[in-house]
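Structural features, examined
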Amino acid sequence: MKDQSCKPCAEGRYSLGTGIRFDEWDELPHGFASIATNLEIDNSFSESLENCTTSTWVPLGDYVASNTDECTATLMYAVTLKQSGTVSFEYIYPDSSIIFEFFVQNDQCQPTVEESRWMRTTEKGWELHSVELSHGNNVLYWRTTAFSVWSKVPKPVLTQLMFKWAEPKTCSEDLPTAVQLPPSGVKTKCPPCNPGFFKTNSSACEPCPSGSYSNGSGCISCAAGTEPVLGFEYKWWNTLPANMETTVLSGINFEYKGFAGWEVAGDYIYTAAGASDNDFMILTMVVPGFRPPQSVMEDVESKEVARITFVFETICSVNCELYFMVGVNSRPNTPVETWSGSKGKQSYTYIIEKNATMSFTWAFQRTAYHEAGRKYTNDVAKLYSINVTNVMDGVASYCRLCALESSGSCTSCPPGNYIDRASGACHPCTPSTYLKAHQPYGSQACIPCGPGTKSNKIHSLCYNDCRFLLDKDGRTLEYDFSALANSTSFAGGPSFTSKGLKYFHHFSINLCGNHGRKMATCTDNVTDMRVPDGEAEFSKSVTSYVCQSIIVPSDVMGYKTIVSSQPVSLADRVVGVTTETTLDNITSLPEHFAPENTGLTDVIFFYRSNDVTQSCSSGRATAIRLRCDPLKTGSGALSVPSKCPDGTCDGCTFHFLWETSAACPLCSAYDYHAIVSACLRGIQRTTYVWREPKLCAGGVPLPEQKVSICKAMDFWLKVGISAGTCAAILLTGMTCYFWKKNQKLEYKYSKLVMNSTAKDSELPAADSCAIMEGEDVEDDLIFTSKKSLFGKIKSFTYKRTSDGFDSVPLKTSSGSTDMDL
């Protein structure tokens, strides 16, 4: 500054040059100003609107946050530039129900020329926005306004046909070929009233009294045994209904204008021409509350209290957009669906889950870019019909059968009972079925539960009790998923915006159990600060079996806390539990994950959600594969397909793989076998081991080792040797005995041989004295022949006759054998 020249900073220091940065927001820095105003143009409602003096931008340390109510808060900063420059800021803007704009004015209070002042929502975290500034004075404006329009007093019904120019009038009727306004006051036949209304003497349409219905002409009392079905059904658009209002929201400065954004046209209502092509054409309907069926009121898990269905069409030459938004209890509207470009005539249904005052808003914008003139006035959106069910103090277009008391008056059936069309009596649904609450007539209203599920006590839904039986290969596998009953959360792999900001898809899963109560919750903590104390149930959160939200870590961009936004329900009801890959047109392709265990298939939980979108006509669906992995104890590990890191490959069906030991079947006697050890020291052990690979958990425990008394091998060897020795001794003794006996016989036979020379008639002379009693018989024997011991035994064995005597050939002196004995 001394010599008015630019010099580089010293080493280790940095400078913004001629710029200035604000990154500490403990309080508003010097030069900033925050003001709040109310841009509502209808002064008759000024007393009911809240005070806007406190609705300002609030510094919160690392950032400054805008208000979230219906007031308009503006943050301003004035700066004088010696030369042209740039202003850049980072912002997070996830909720499109709050209008956020940024613009710059010069010292002449003229806005700078730019494409759009409307800031686009940041669906994936913080984004950077830069605007060129001219030299001289510049005033920067950040302005936010809640997007909410509430009903005003409707115009009276005309009894005569009136014509007027559409506002704003942008044509001239003085030109030669201009079309003139038709004359008013010509009487014509009155158009029909909407169902549930009747025409009075003054040709106005009034609602039918309680207990009656109408098709638009006259009211008819409901017959005995029937009751009126209350709701709103709009299909004739001759005048705007009393609970609807229309206006235009400028796409340039977002200020309300006193123009009609939608015009009635008999059998439909369409968007009028705005002042600019980027104006928002607003149509809002307010419903004070609902009266759901008794069975729904007593079942806290069946959250459907009503539904709104409308038929629409868009005709566009450029990229127009039609928004459908919902607001609860006078809170700002939240977009629930958006259609871009031309859409053919089609129907859309939104499920209402809260019994509160609801506002439904249709907003149509021809183009997001502001250009001079109006080029796309022929681009229109049309609504042909709107039907809202179960409206408190609504009207009826027909009557339905009801359950009858003994007195003949209508009553409500107990939960889980259907109405018999013939008798009007209540009958309970059969086991394992659930009741179609919005049409509980006839036994066909009890819908069978899917495989692997059962109904709760009041038959309002089907659920899985964390148990599953599977017949496989002639035996029954029993599963117990109780360890997975609590809600489990996990995040997929990191994703990055085009500018490198990291974020995650966060999933919360409640698999089973809890008698069908949904326990998985995903919240939006970015917009929760606008919910007053005591209204936490209306905060932007989702509770279901499976839900998803966007998570931005606290270490990204210096957040103080983790940012969670855009919660979406992926599973509102259980379709079934099975090992088949397809159920109710939901397919879980095996190739999404690694191959299954050999011999054991995955158990798959199938779910559906109630959210029907233009790309998911049947709603979102979820398939969770449970795979047995004994090594992963506790909650195990969750994963998404590697080819689809966001969990879905088509945006409608989400796929998950849950690997855990809790997904294994319960162990049984089939899963182990016995190993018998050798007999050691008289003891034998029987040990039980699991079959490999072990694919079971819990159930039957592994039996303890068994010990039994046994005889060792050396004992039986000793017994064998002893027995063999005894047998050998016995055989030896017997051999000796027979040998000695054979010798005596040999001696006698030899004597006979020696006397064989005597005559046949004479006895041979004795050559010795007979052996007398008492003499020694152990005389020496004289053998006539010599034989071995084996030969003698052989002769003794084979020469015995059949009478038991031995036959020995005797030799004569001549050597012949003439005589036998």
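Overview of the structure. What you see as residue numbers is a count from 1 along each chain, following the sequence as written. With the structure being a predicted model, the display of local features is reserved for residues of pLDDT at least 70 and the display and counting of side-chain atom pairs for 80 or more, all residues being used for whole-chain, interface and lining totals. To obtain the side-chain values, all non-hydrogen atoms of the structure were included, while hydrogens and water were left out.

1. Focus: the sheet that holds strand 48 (residues 637-639)
Paired strands are those between which DSSP finds at least two bridges. Helix and strand definitions follow DSSP, with helices as H or I runs of at least four residues and strands as E runs of at least two, each counted in order from the N terminus. As summarised here, the arrangement of the 5 strands in space is 43-46-47-49-48, forming an open sheet in which the pairing is mixed. Strands with a single pairing partner mark the edges of an open sheet, and in this sheet they are strand 43 (573-578) and strand 48. Averaged over all pairs of adjacent strands, the angle between strand axes in this sheet comes to 20°, irrespective of strand direction. One ladder, built from 3 bridges, connects strand 48 with strand 49 (residues 653-660); its direction is antiparallel. Its bridge partner being in strand 49, Ala637 is matched across the sheet by Glu659. Each axis is a line fitted through C-alpha atoms, taken for helices only over the stretch in contact, and angles between the N-to-C directions span 0 to 180 degrees.

2. Regarding the packing of aromatic side chains
The geometry of an aromatic ring pair is captured by the separation of the ring centres together with the interplanar angle, meaning the angle of the planes. To pair, rings of Phe, Tyr and Trp, with the six-membered ring standing in for Trp, must have centres within 6.5 Å; the planes then decide the type, stacked if under 30 degrees apart, edge-to-face if over 60, and tilted in the middle. In the structure shown here, the tally under the stated rule is 41 aromatic pairs. Look at Phe310 and Tyr348: their rings are 5.5 Å apart centre to centre, the planes differ by 50°, and that puts the pair in the tilted class. Of this pair, Phe310 sits in strand 19 (residues 306-315) while Tyr348 sits in strand 22 (residues 343-352), and the two are 38 residues apart along the sequence. Residue classification places Tyr348 among the buried residues on the basis of a relative accessible area of 8%. Counting every residue linked through ring pairs, the aromatic cluster contains Phe22, Trp25, Phe32, Trp57, Tyr77, Phe89, Tyr91, Tyr93, Phe100, Phe102 and Trp142. Lys345 extends its terminal NZ or CZ atom over the ring of Tyr384, reaching a point 4.0 Å from the ring centre. Whether a charge sits over a ring comes down to the Lys NZ or Arg CZ being within 6 Å of the ring centre and within 35 degrees of the ring normal. Residue placement shows Arg691 over the ring face of Tyr670; its charged tip is 5.5 Å from the ring centre. Type-normalised accessible area, obtained with a 1.4 Å probe on protein chains alone, sets the label of each residue: buried when under 20%, exposed when over 50%, and partly exposed for intermediate values.

3. Observations concerning the nonpolar core
Ranked by internal contacts, the top residues of the largest apolar core, which has 39 residues, are Met285, Phe360, Trp362 and Ile386. Elements with a minimum of two residues in this core: strand 13 (226-234), strand 14 (244-249), strand 18 (280-287), strand 19, strand 20 (321-328), strand 22, strand 23 (358-365) and strand 24 (380-389). Excluding anything up to four places from it in sequence, Ile386 contacts Phe232, Glu233, Tyr234, Trp237, Met244, Met285, Ile308, Thr309, Phe310 and Trp362. Throughout this description, the term nonpolar core refers to a set of buried Ala, Val, Leu, Ile, Met, Phe, Trp, Tyr and Cys residues connected via side-chain atoms within 4.5 Å. Core analysis: the next-biggest nonpolar cluster, separate from the first, contains 36 residues, Tyr463, Tyr479, Phe481 and Val603 among them. Note on contacts: a residue pair is in contact if any heavy atoms of the two residues lie within 4.5 Å.

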